[in-house]
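Spelled out, the chains give:
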Amino acid sequence: MTDHAVIIAGGGPSGLMLAGELALAGVDVAIVERRPSQDVAGSRAGGLHARTLEVFDQRGIADRFLAEGKKAQAIGFAGVHFDLSGFPTRHPYSLGLRQNHIERILAGWVDELEVPIYRGIVVTGFAQDDTGADVELSDGRSLRAQYLVGCDGGRSLVRKAAGIAFPGSDPTTSNLIAEAELAETPPQWGIRRDALGIHALGRVEYEIRNGEIVYADHGPVGVLVTEQHVGQTAEPTLSDLSAALIAVYGTDYGIHSPTSISRFTDAARQAASYRKGRALLAGDAAHVHPPDGGQGLQTGVQDAVNLGWKLAQVVKGMSPDSLLDTYHAERHPIGAHVLRNTMASIVLRREDERTKALRDMMAELLGMDEPRRRFAAMMSGLDIHYDLGEGHPLLGRRMPDLDLVTESGPLRVFSLLHAARPVLLNLGEPGAFDILPWADRVELVEAKYAGPWELPALGTVTAPTAVLVRPDGYVAWVGDPTQPGLTDALTTWFGPPPAA
Ligand SMILES: Cc1cc2nc3c(=O)[nH]c(=O)nc-3n(C[C@H](O)[C@H](O)[C@H](O)COP(=O)(O)OP(=O)(O)OC[C@H]3O[C@@H](n4cnc5c(N)ncnc54)[C@H](O)[C@@H]3O)c2cc1C
């Protein structure tokens, strides 16, 4: 007997998203979270990029974030900003919204889905066997689950206890990030770069006016300062912060009353495997990298959306356990790409003459249409392509949110994904497909679409007759009724048909 089918260690953005996905699929899932409340101490993510907004839109919850955030063109690489305005997505922008708000909204959704959260409790260890895992908790209890997912951040206990290696590169820079009061007003707000690295001072409260960030003129101050030395392991203190400010600005501006001080580095590490038996990893537990490009939270949420439906099908006995291996196969390369671009960003941040020359040349390259579109698609997550073999360019890519016409009226593709169920979308001759054996799990939708098929970075592609869309919004098969492969794709992704 299990206490829950799935236990998630950690209720940050990745854990919350995964819990929502599993709950939508009707799986008994619970979160164990160290923090007594959802409050996030200090500054972390500052917003959502286009693909993450699309992912939320696929579940019908994008409006909750849009109602609170501020739209901005906030994607960039190597100091070059990209404008997504012409991109073929319903969300051609980023959304400025701090992580504490993102988590609050996600937690509200998970609460509506009635996922239990064991708050103020830490997962202290686990032991797995052939049928499940016994998860030890800090209150002395042990919970049994079929699967345990570590969404427990960069220092993941689950990853360590599972014996999953975390190879990568050691830090070369160390930064302090804090929120505090300043007794004196700095002569200049904003970003400062020098040979040591990047530093910034700005009011915590801000508005976006005409796409530009406008900081409040009073209130607490957000501080980012590069430290002179790498390798400090103790928790940072106010005197560390003060010393780091003096080293850079010549003064600490009378900094006092910090509400948070934390340290982050440019270490870049990735779990060698996202799965070991009945333990899986998602989010920062699976990959850590510098915050350049604001990709950590996005990648974690999207890990969760890739894993959720697969884990649900396995738990419900619809698909074999081997479906879970596709989670590592698909998401590990995506994480590796994020590590790669953040490591490149770090190098390009340096202020010496040679790096400046390289940055200028990158800027020249990124001024060209094709490289600019490709990098903008990469940094916004819209270029994600899972390797599902040769075929139509849509295969393994995100299904665009097209405006369809059906017998019962207009319909957006993403609205078909709200319940996190797969869809076979027939845009050709009505009634040409028979997927009766999968009728309990795959929705067949007959529709018409006369507009263009345009993919970010790739441009226009040939209009398909039919597409099989997975619950995560990626296309699993493209074809027409005469083409083979649909039965295989249905079986691979959604399990063999139930025995008659
Ligand atoms: C300065 C900074 C700026 C950033 N800016 C951006 C940005 O602009 N955009 C972006 O996308 N990302 C950004 N990030 C990264 C982003 O904050 C993380 O990638 C994101 O929080 C990862 O989410 P997660 O749920 O995987 O892990 P976490 O947010 O770390 O959540 C892990 C959760 O697990 C809990 N936990 C840990 N161990 C246990 C345990 N043993 N038992 C129970 N609970 C446990 C923790 O309390 C926590 O709630 C930034 C990070 C930093 C440091």
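Residues numbered from 1 in each chain as written. Predicted model: local features only at pLDDT ≥ 70, side-chain atom pairs only at ≥ 80, totals over all residues. Heavy atoms only, no water.

A. Representation of the sheet that holds strand E13 (residues 174-182) within the structure. If you walk across this open sheet you meet the five strands as E14-E15-E18-E13-E19, and the pairing is antiparallel. The strands lining the two open edges of the sheet, one partner per strand, are strand E14 (190-194) and strand E19 (255-265). Ignoring strand direction, the axes of neighbouring strands in this sheet form an average angle of 15 degrees. In terms of strand pairing, E13 meets E19 through eight bridges, oriented antiparallel. The partner of Glu 179 across the bridge, within E19, is Ser 260. This element, helix H6 (residues 238-249), spans E13, E14, strand E15 (197-203), strand E18 (221-226) and E19 of the sheet and lies at about 80 degrees to E19. (Pairing = 2+ DSSP bridges. Helix = DSSP H or I, 4+ residues; strand = E, 2+ residues; numbered from the N terminus. Axes fitted to C-alpha atoms, helices over the stretch in contact; angles between N-to-C directions. Contact = heavy atoms within 4.5 Å.)

B. Here's a closer look at the sheet that holds strand E26 (residues 423-426). One open sheet accounts for four strands, arranged E27-E26-E30-E31; its pairing is mixed. Each end of this open sheet is capped by a strand with a single partner; those strands are strand E27 (443-446) and strand E31 (475-479). Ignoring strand direction, the axes of neighbouring strands in this sheet form an average angle of 15 degrees. Examined bridge by bridge, E26 and E27 share four bridges and lie parallel to one another. Paired with Val 423 across the bridge in E27 is Glu 443.

C. Here's a closer look at the pattern of salt bridges. Per the stated rule, a full pass over the model turns up 30 salt bridges. A salt bridge links Asp 403 to Arg 90; the nearest nitrogen and oxygen atoms lie 3.1 Å apart. Placement of the pair is Asp 403 in strand E24 (residues 403-406) and Arg 90 in the loop between strand E6 (80-82) and strand E7 (94-96), with a sequence separation of 313 residues. Of the charged contacts in the structure, one is a salt bridge between Lys 310 and Glu 330, with a shortest N-O distance of 2.9 Å. Here Lys 310, found in helix H7 (residues 296-315), pairs with Glu 330, found in helix H8 (residues 325-348); they are 20 residues apart in sequence, far enough to count as distant. Each of the two residues, Lys 310 as well as Glu 330, counts as buried. (Salt bridge = Lys/Arg side-chain N within 4 Å of Asp/Glu carboxyl O. Buried < 20%, exposed > 50% of the residue type's maximum accessible area, 1.4 Å probe, protein only.)

D. Broad picture of the site of the ligand. Neighbouring residues of the ligand: 29 residues in total, closest Ser 14, Glu 33, Gln 99, Asp 284 and Leu 297. In this structure, an oxygen atom belonging to the ligand sits 2.7 Å away from a side-chain N or O atom of Ser 14. Residue Arg 34 places a main-chain N or O atom 3.1 Å away from a nitrogen atom belonging to the ligand. In the complex, 88% of the free accessible area of the ligand, which totals 1000 Å², lies under the protein chains. Where the shell around the ligand is concerned, the elements lending two or more residues are helix H1 (13-24), strand E2 (29-33) and H7. Top element by residues in the shell around the ligand is H7. It accounts for three residues. Each residue belonging to the shell around the ligand can be placed in one class, and the counts come to 12 nonpolar, 11 polar and six charged. (Near = heavy atom within 4 Å. Polar contact = N/O pair within 3.5 Å; in protein donor to acceptor, adjacent residues only side chain to side chain. Areas by Shrake-Rupley, 256 points an atom, 1.4 Å probe, with all protein chains shown as cover. Nonpolar A, V, L, I, M, F, W, Y, C, P; charged D, E, K, R; others polar.)

E. Spatial organisation of helix H4 (residues 99-112). Helix length check: H4 (14 residues) gives 20 Å between terminal C-alpha atoms against 20 Å at 1.5 Å per residue, within 8%. Inspection of H4 places Gln 99, Ile 102, Glu 103, Ile 105, Leu 106, Ala 107, Trp 109 and Val 110 among the buried residues, and these make up the whole buried set. The secondary structure elements touched by the buried residues of H4 are H1, strand E3 (47-48), helix H2 (50-58), helix H3 (62-66), strand E8 (117-119) and H7. Downstream of H4 by one or two residues, Glu 114 has phi in the positive range, about 60 degrees. (Expected span 1.5 Å × (residues − 1).)

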